[in-house]
Amino acid sequence: MWALIKDNKIEQIYQRPKSLVLGEVRYPSNMFTKYTDAEKAAIGIYPVEDSGTKGDDRFEYTTGPTYTWSAFDKKVTTSYTIVEKSLVDVEAKDGDGNNILDEKGNKTYNYGLKKLAKEKAKQQANNFIKQFNWLVERSIYDSSKAIPDAVKTYVAAIKTDCANIETAIDNASDMAAFKKLYDWEFNEDGTVKTIAPMYNWSDDYDVKEYVR
């Protein structure tokens, strides 16, 4: 990425090489990659340093970049504005600030991170459990085929895990607390010390043979 500087101001940002006319001279698109930095600077073209910090997409929105020219350093740097996503549901609004209604005239909502996280936990729990649905079906059609105790224990554990995760989500009082639910702890050798609360599910070691 490059910037065209005129009178110590950013005139244009070029996302990719292109042919352009500066003054009365047309320069080919390969000028951006073939010319040296000094040669490009001589005609007002400088590289853009993408040095700005971006937000974590899981928790934050990152605005479009803002470019700043430093006449002293002779370079263009990039910065971003980071905005936290909402933890709670918020009313959906249109560009004029009016509520967006559904087909029955009811307000609609943009789901907050907490609701989305709880829905994801429920989906994950369901994915773990449905691997054993065939055992339930088998027991319906053949009462002599009981569901193994190990599977019953595992399914109960997964339901408890899901409830614990949802409780932890509800108890997160602010964004900092919510982010901690995704934090893993590691030992010096790189092994896991503490599983992140959002991923703290019971292992399936004793039921692997029943997975389908």
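Relevant structure appears above.
Residues numbered from 1 in each chain as written. Predicted model: local features only at pLDDT ≥ 70, side-chain atom pairs only at ≥ 80, totals over all residues. Heavy atoms only, no water.

### Side note on the layout of surface pockets
Which parts of space are left empty comes out when a probe the size of a water molecule is rolled across the atoms. Considered as a void within the structure, the largest pocket measures approximately 270 Å³ in volume. In this structure, the largest pocket is lined by 13 residues; those nearest its centre are A117, K120, Y182, M198 and Y199. Of the residues forming the lining of the largest pocket, the biggest block, six residues, is contributed by helix α3 (residues 113-129). For the lining of the largest pocket, the class distribution of residues is 10 nonpolar, one polar and two charged. (1 Å grid on protein atoms, 1.4 Å probe; cavity = no way out; pocket = protein on both sides within 12 Å on 5 of 7 lines; lining within 4 Å. Points joined across faces, edges and corners; volume = space filled by probe spheres on them. Helix = DSSP H or I, 4+ residues; strand = E, 2+ residues; numbered from the N terminus. Nonpolar A, V, L, I, M, F, W, Y, C, P; charged D, E, K, R; others polar.)

### Focus on the side chain of E166
By the secondary structure assignment, E166 is in helix α5 (residues 149-171). Residue classification places E166 among the buried residues on the basis of a relative accessible area of 18%. When residues no more than four places from it in sequence are discounted, the contact partners of E166 are K118 and K122. (Buried < 20%, exposed > 50% of the residue type's maximum accessible area, 1.4 Å probe, protein only. Contact = heavy atoms within 4.5 Å.)

### What about the environment of K9?
Along the polypeptide, K9 turns up in strand β2 (residues 9-14). Separated by 11 residues in the primary sequence, K9 and L20 have C-alpha atoms spaced 18 Å apart.

### A look at the packing of aromatic side chains
Aromatic ring pairs are described here by two measures, namely the spacing of the ring centres and the angle between the planes. In the structure shown here, the tally under the stated rule is 12 aromatic pairs. A centroid spacing of 6.1 Å and a plane angle of 75 degrees characterise the contact between Y182 and Y199, whose relative ring orientation is edge-to-face. Pair noted here: Y182 is in the loop between α6 (175-180) and β12 (185-186) and Y199 is in the segment after β13 (192-194), with a separation of 17 residues, a long-range link. With a relative accessible area of 15%, Y182 lands in the buried category. Between R212 and the ring centre of W134, over which it is positioned, the NZ or CZ distance is 3.6 Å. (Phe/Tyr/Trp six-rings, centres within 6.5 Å; stacked < 30°, edge-to-face > 60°. Lys NZ or Arg CZ within 6 Å of the ring centre and 35° of its normal.)

### Describing the sheet that holds strand β7 (residues 66-70)
Within the open sheet, the five strands sit side by side as β2-β1-β5-β8-β7. Their pairing is mixed. Of all strands in the sheet, those bounded by a partner on one side alone are β2 and β7. Neighbour-to-neighbour, the strand axes of the sheet open up by a mean angle of 35 degrees, direction not taken into account. Here strand β1 (residues 2-6) pairs with strand β5 (residues 45-49) via three bridges, running antiparallel. When the bridges of β5 are listed, W2 appears paired with P47. (Pairing = 2+ DSSP bridges. Axes fitted to C-alpha atoms, helices over the stretch in contact; angles between N-to-C directions.)

### Section: the nonpolar core
Counting residues in hydrophobic clusters, the biggest one holds 23 residues, and the most contacted among them are F132, I169, F178, L181, Y182, M198 and W201. Put simply, the parts of the chain that give this core at least two residues each are α3, α5 and α6. Residues contacting F132, with those up to four places away along its chain left out, are V151, Y154, V155, V207, Y210 and V211. Counting residues in hydrophobic clusters, the runner-up holds nine residues, among them L22, M31, F32 and I45. (Core = buried A, V, L, I, M, F, W, Y, C linked by side-chain atoms within 4.5 Å.)

### Re unusual backbone geometry
The backbone of D7 shows a phi angle near 50 degrees, a positive value even though the residue is not glycine. Assessed through its relative accessible area of 75%, D7 is described here as exposed. Positive phi, normally seen in glycine, also occurs at N8, with a value near 60 degrees. Tracing the sequence through the fold places N8 in the loop between β1 and β2. By relative accessible area, N8 is classed as partly exposed at 48%.

### Re the environment of F132
Secondary-structure assignment places F132 in the loop between α3 and α4 (133-141). Of the residues examined, F132 reaches a relative accessible area of 3% and is grouped as buried. For the pair F132 and K152, spaced 20 residues apart in sequence, the C-alpha to C-alpha distance is 9.6 Å.

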